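So the chains spell out like this:
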Amino acid sequence: MTAMTEAAERGAGGPPVKWLTDAELSSWISLVRLLTRLPCSLDQQLRRDSRLGMVEYQVLAMLARSPGRTMRMSSLAEATNASLSRLSHLFKRLEQRGLACREPDPADGRFTNAILTEQGFQTLAEAAPGHVAHVRSLVIDVLSAEQLRRLGRDADRIMSRIDATGIS
């Protein structure tokens, strides 16, 4: 065994690496392709049909489901897995289009509330049918009810592992 092969087997000086089997590698590659292409397809459909990006749609949808169509920016950032800085830039674009606004939190002025405007709600309502149809055609309708249930359960299991590591 060469020094390079031995180093690869140990994985940068640590314990031996448990390399993926051919079957594991095949499944992993399929998952990586899905994780790459599904968000792109969803984003393209939304941009084409409603001039909203996937993250913009997600933000509007979360606000629409919140009491008073309002959430603290910090909570919204956490829920969308975005930094406050990134969310703030996105929100500036939403405000310029009249889809959302920000106001100080009346309960605690240290926080800023994100608010879905009536125009934002209307934009979301118009975008939702096409988006749901696309989600159905790509994911929901190609799986049985049991496969969909398992997919959700497996995704939750993976997310709990990601959440437990603190690395996102």
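Because the structure is a prediction, the values reported are computed rather than measured.

**Here we look at the pattern of salt bridges**
Line of reasoning, step 1. One pass over the full model with this rule turns up 12 salt bridges.
Line of reasoning, step 2. Its salt-bridge partner being Arg72, residue Asp105 comes within 2.7 Å of it at the nearest N-O pair. In this pair, Asp105 sits in the loop between strand 2 (100-104) and strand 3 (112-116) while Arg72 sits in strand 1 (residues 70-72), placing the two residues 33 residues apart along the sequence.
Line of reasoning, step 3. Residue Asp154 is joined to Arg157 by a salt bridge in which the shortest nitrogen-to-oxygen separation is 3.2 Å. Placement of both Asp154 and Arg157 in helix 7 (residues 145-165) is noted, with a separation of three residues, approximately one turn of the helix.

**Quick look at the sheet that holds strand 3**
Line of reasoning, step 1. Ordered in space as 1-3-2, the three strands form an open sheet in which the pairing is antiparallel. Every interior strand has two partners, whereas the edge strands, strand 1 and strand 2, have only one. Strand-to-strand twist in this sheet, taken as the mean axis angle between neighbours without regard to direction, amounts to 30 degrees.
Line of reasoning, step 2. Taken strand by strand, helix 3 (residues 54-65) contacts strand 1 and strand 3, and its axis lies near 95 degrees from that of strand 3.
Line of reasoning, step 3. The sheet contacts of helix 5 (residues 84-96) involve strand 2 and strand 3, and relative to strand 2 the element is tilted by about 120 degrees.

**Side note on unusual backbone geometry**
If a residue is not glycine, its phi is most likely negative; likewise, a peptide bond is most likely trans.
Line of reasoning, step 1. The backbone of Arg51 shows a phi angle near 60 degrees, a positive value even though the residue is not glycine.
Line of reasoning, step 2. Tracing the chain through its elements places Arg51 in the loop between helix 2 (22-50) and helix 3.
Line of reasoning, step 3. In this model, Asn81 sits at a positive phi of 55 degrees, which is unusual for a non-glycine residue.

**Brief notes about the side chain of Asp105**
Line of reasoning, step 1. For Asp105, a relative accessible area of 8% puts it in the buried group.
Line of reasoning, step 2. The contact partners of Asp105, leaving out residues within four places of it in the chain, are Arg72, Phe111, Thr112 and Asn113.

**Digging into the packing of helix 2 against helix 6 (residues 118-138)**
Line of reasoning, step 1. One can describe the packing of helix 2 onto helix 6 by two numbers: an axis separation of 10 Å at closest approach and a directional angle of 150 degrees. The angle between helix 2 and helix 6 falls in the class roughly antiparallel. Viewed along their axes, helix 2 and helix 6 form a crossing whose handedness is right-handed. On helix 6, the residues touching Leu38, Ser41, Leu42, Gln45, Leu46 and Ser50 of helix 2 are Ala127, Gly130, His131, His134, Val135 and Leu138.
Line of reasoning, step 2. Of the residues in the contact of helix 2 with helix 6, the class split is six nonpolar, six polar and no charged.

The rules behind the values
- Residues numbered from 1 in each chain as written.
- Predicted model: local features only at pLDDT ≥ 70, side-chain atom pairs only at ≥ 80, totals over all residues.
- Heavy atoms only, no water.
- Salt bridge = Lys/Arg side-chain N within 4 Å of Asp/Glu carboxyl O.
- Helix = DSSP H or I, 4+ residues; strand = E, 2+ residues; numbered from the N terminus.
- Pairing = 2+ DSSP bridges.
- Axes fitted to C-alpha atoms, helices over the stretch in contact; angles between N-to-C directions.
- Contact = heavy atoms within 4.5 Å.
- Buried < 20%, exposed > 50% of the residue type's maximum accessible area, 1.4 Å probe, protein only.
- Parallel < 35°, antiparallel > 145°, perpendicular 65-115°, else oblique.
- Left-handed = near helix turned anticlockwise from the far one by under 90°.
- Nonpolar A, V, L, I, M, F, W, Y, C, P; charged D, E, K, R; others polar.

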